[in-house]
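Now for the letters of each chain:
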Amino acid sequence: MSEIQFQQRYTIENIVDARRRALELMQKAGDTLLIDVSPCEEVDTAGIQLFVALVKEAEERGIFLSVKGPIQPKVAAAFAASGVHYADFSEAIVDG
């Protein structure tokens, strides 16, 4: 199992490096990947797109995806405004 701990910000300014790092970790994930969203305090559309892309990539690779929270209020609001519900993508949500 590998864990991706989200950074404080996922915006257009840092998304290319964030995607590269996430895909590198995914290659080492084995059959389970845990995404810790609790440190993330800000996302824009690029950050939300990265999250969706990671979920799809995990699916294609047959990797079980688990999301660890809690999600910060500002981040939850950005997801809600976009119409993307991060909980819908995970088979297991781990509080804490």
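Structure first, text after, so check above.
All values reported here derive from a predicted model rather than from experimental measurement.

1. Re the environment of isoleucine 4
Secondary-structure assignment places isoleucine 4 in strand β1 (residues 2-5). A relative accessible area of 5% places isoleucine 4 in the buried class. Distance in space between the C-alpha atoms of isoleucine 4 and isoleucine 35 is 4.8 Å, their sequence separation being 31 residues. Beyond its immediate chain neighbours, meaning those up to four positions away, isoleucine 4 contacts Ala22, Leu25, Leu33, Leu34, Ile35 and Asp36.

2. Structural notes on the pairing of strand β3 (residues 32-36)
Within β3, 5 of the 5 residues are buried, leaving the element largely enclosed by the surrounding structure. Side chains of β3 alternate between two faces, with Thr32, Leu34 and Asp36 and Leu33 and Ile35 buried alike. As paired strands, β1 and β3 are joined by 4 bridges and run parallel to one another. Bridge assignment links serine 2 to a residue of β3, and that residue is leucine 33. The pairing of β3 with strand β5 (residues 64-68) spans 5 bridges and is classified as parallel. Paired with aspartate 36 across the strands is lysine 68, a residue of β5.

3. Considering the side chain of asparagine 14
Tracing the backbone shows asparagine 14 in the loop between β2 (9-10) and α1 (15-27). A polar contact is formed between the side chain of asparagine 14 and the backbone oxygen of arginine 9, at a distance of 2.6 Å. Sequence-distant contacts of asparagine 14, that is, excluding residues within four places in its chain, are made with Gln7 and Arg9.

4. Describing the packing of aromatic side chains
Applying the stated rule across the entire model yields 3 aromatic pairs. On the basis of an interplanar angle of 80 degrees and a centroid distance of 6.2 Å, the ring pair of phenylalanine 6 and phenylalanine 51 is categorised as edge-to-face. In this pair, phenylalanine 6 is assigned in the loop between β1 and β2 and phenylalanine 51 in helix α2 (residues 45-61), connecting sequence segments 45 residues apart. Each member of the pair phenylalanine 6 and phenylalanine 51 is classed as buried. According to the relative accessible area criterion, phenylalanine 51 is buried, its value standing at 1%. An aromatic cluster is present here, built from Phe6, Tyr10, Phe51 and Phe79 joined pairwise through their rings.

The rules we used
Going along each chain's sequence as written, the residues are numbered from 1 onward. Residues qualify for local features only when their pLDDT is at least 70, as the model is predicted, and side-chain atom pairs are given and counted only at 80 or more; totals for whole chains, interfaces and linings, by contrast, use all residues. Only hydrogens and water are removed before side-chain values are computed, so all heavy atoms of the structure are retained for them. Secondary structure elements are taken from DSSP: a helix is a run of H or I of four residues or more, a strand is a run of E of two residues or more, and numbering for both begins at the N terminus. Three labels apply to residues, based on accessible area from a 1.4 Å probe with only protein chains included: buried if under 20% of the type maximum, exposed if over 50%, partly exposed otherwise in between. What makes two residues a contact is simply this: any of their non-hydrogen atoms within 4.5 Å. DSSP bridges decide pairing: two strands pair if at least two such bridges lie between them. In protein, a polar contact requires one atom able to donate a hydrogen and another able to accept it; more generally it is a pair of N or O atoms within 3.5 Å, and residues adjacent in sequence count only if both atoms are side-chain atoms. Any Phe, Tyr or Trp ring, taking Trp's six-membered ring, that has another such ring centre within 6.5 Å forms a pair; planes under 30 degrees apart are called stacked, those over 60 apart edge-to-face, and the others tilted.

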